[in-house]
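Here is how the chains run, residue by residue.
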Amino acid sequence: MHYEYLFWSMAAMVAAALAGGALCGRLQSIKHLMIGLLGLAAAIFTAVLLLARQGGFDELAAMLSIAAFMFSLVIGAAAALLTRRIRQQRLHSSAS
């Protein structure tokens with residue numbers, strides 16, 4: 001049962017990173033994009049740390065939260081860059 005909870009928690013973390021990255025990709029500057037991604041990753045880190053302790057993963061809570069932080073940065077950055085690329089292509093095609 002604990003591993004099913006872990007699976008669904010990590011699936012939710014990936015979904016949050018994708019959604020947050022897509023939202024950050026709509027920001028105007030790269031600086032704001034990076035600040036947004038770091039804030040999102042910090043929020044995910046905190047949530048995973050608290051939920052892991054409540055879910056019976058006390059001994060793994062630190063490792064899980066650090067992994068979630070790094071994964072959310074990578075996944076969020078990929079989603080943000082893809083969002084920026086799509087928006088730039090749409091702007092260029094509508095301007096032509």
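Residues numbered from 1 in each chain as written. Predicted model: local features only at pLDDT ≥ 70, side-chain atom pairs only at ≥ 80, totals over all residues. Heavy atoms only, no water.

1. Some details on the overall build of the protein chain
Thinking step 1. Along its length, the protein chain carries 3 helices and 0 strands.
Thinking step 2. Principal-axis analysis of the C-alpha atoms gives the protein chain an extent of 55 × 25 × 15 Å.
Thinking step 3. Restricting the contact set of the protein chain to residue pairs at least 6 apart, pairs at least 24 apart contribute 71%. (Helix = DSSP H or I, 4+ residues; strand = E, 2+ residues; numbered from the N terminus. Contact = heavy atoms within 4.5 Å.)

2. Some remarks on the layout of surface pockets
Thinking step 1. Its boundaries defined by the atoms lining it, the largest pocket holds a volume of some 200 Å³.
Thinking step 2. Taken together, 13 residues line the largest pocket, and the ones lying closest to its centre are S9, M10, A47, V48 and L51.
Thinking step 3. Listing elements by their share of the lining of the largest pocket, those giving two or more residues are α1 (2–24) and α2 (30–54).
Thinking step 4. For the lining of the largest pocket, the leading source of residues is α1, giving 6 residues.
Thinking step 5. Of the residues that constitute the lining of the largest pocket, the class distribution is 12 nonpolar, 1 polar and no charged. (1 Å grid on protein atoms, 1.4 Å probe; cavity = no way out; pocket = protein on both sides within 12 Å on 5 of 7 lines; lining within 4 Å. Points joined across faces, edges and corners; volume = space filled by probe spheres on them. Nonpolar A, V, L, I, M, F, W, Y, C, P; charged D, E, K, R; others polar.)

3. Describing the packing of aromatic side chains
Each aromatic ring pair is characterised by the separation of its centres together with the angle its planes make.
Thinking step 1. Tallying each qualifying case throughout the model produces 2 aromatic pairs.
Thinking step 2. Look at F7 and W8: their rings are 5.0 Å apart centre to centre, the planes differ by 75°, and that puts the pair in the edge-to-face class.
Thinking step 3. Since its relative accessible area comes to 54%, W8 is described here as exposed.
Thinking step 4. A centroid spacing of 6.3 Å and a plane angle of 90° characterise the contact between F45 and F69, whose relative ring orientation is edge-to-face. Placement of the pair is F45 in helix α2 and F69 in helix α3 (residues 61–95), with a sequence separation of 24 residues.
Thinking step 5. Its relative accessible area of 29% is what places F45 among the partly exposed residues. (Phe/Tyr/Trp six-rings, centres within 6.5 Å; stacked < 30°, edge-to-face > 60°. Buried < 20%, exposed > 50% of the residue type's maximum accessible area, 1.4 Å probe, protein only.)

4. Some remarks on the confidence of the model for the protein chain
Thinking step 1. Per-residue pLDDT for the protein chain averages 91, and the proportion of residues at 70 or more is 99%.
Thinking step 2. Within the protein chain, the lowest mean pLDDT, 89, falls on α1, and the highest, 94, falls on α3. (pLDDT = per-residue confidence, 0-100.)

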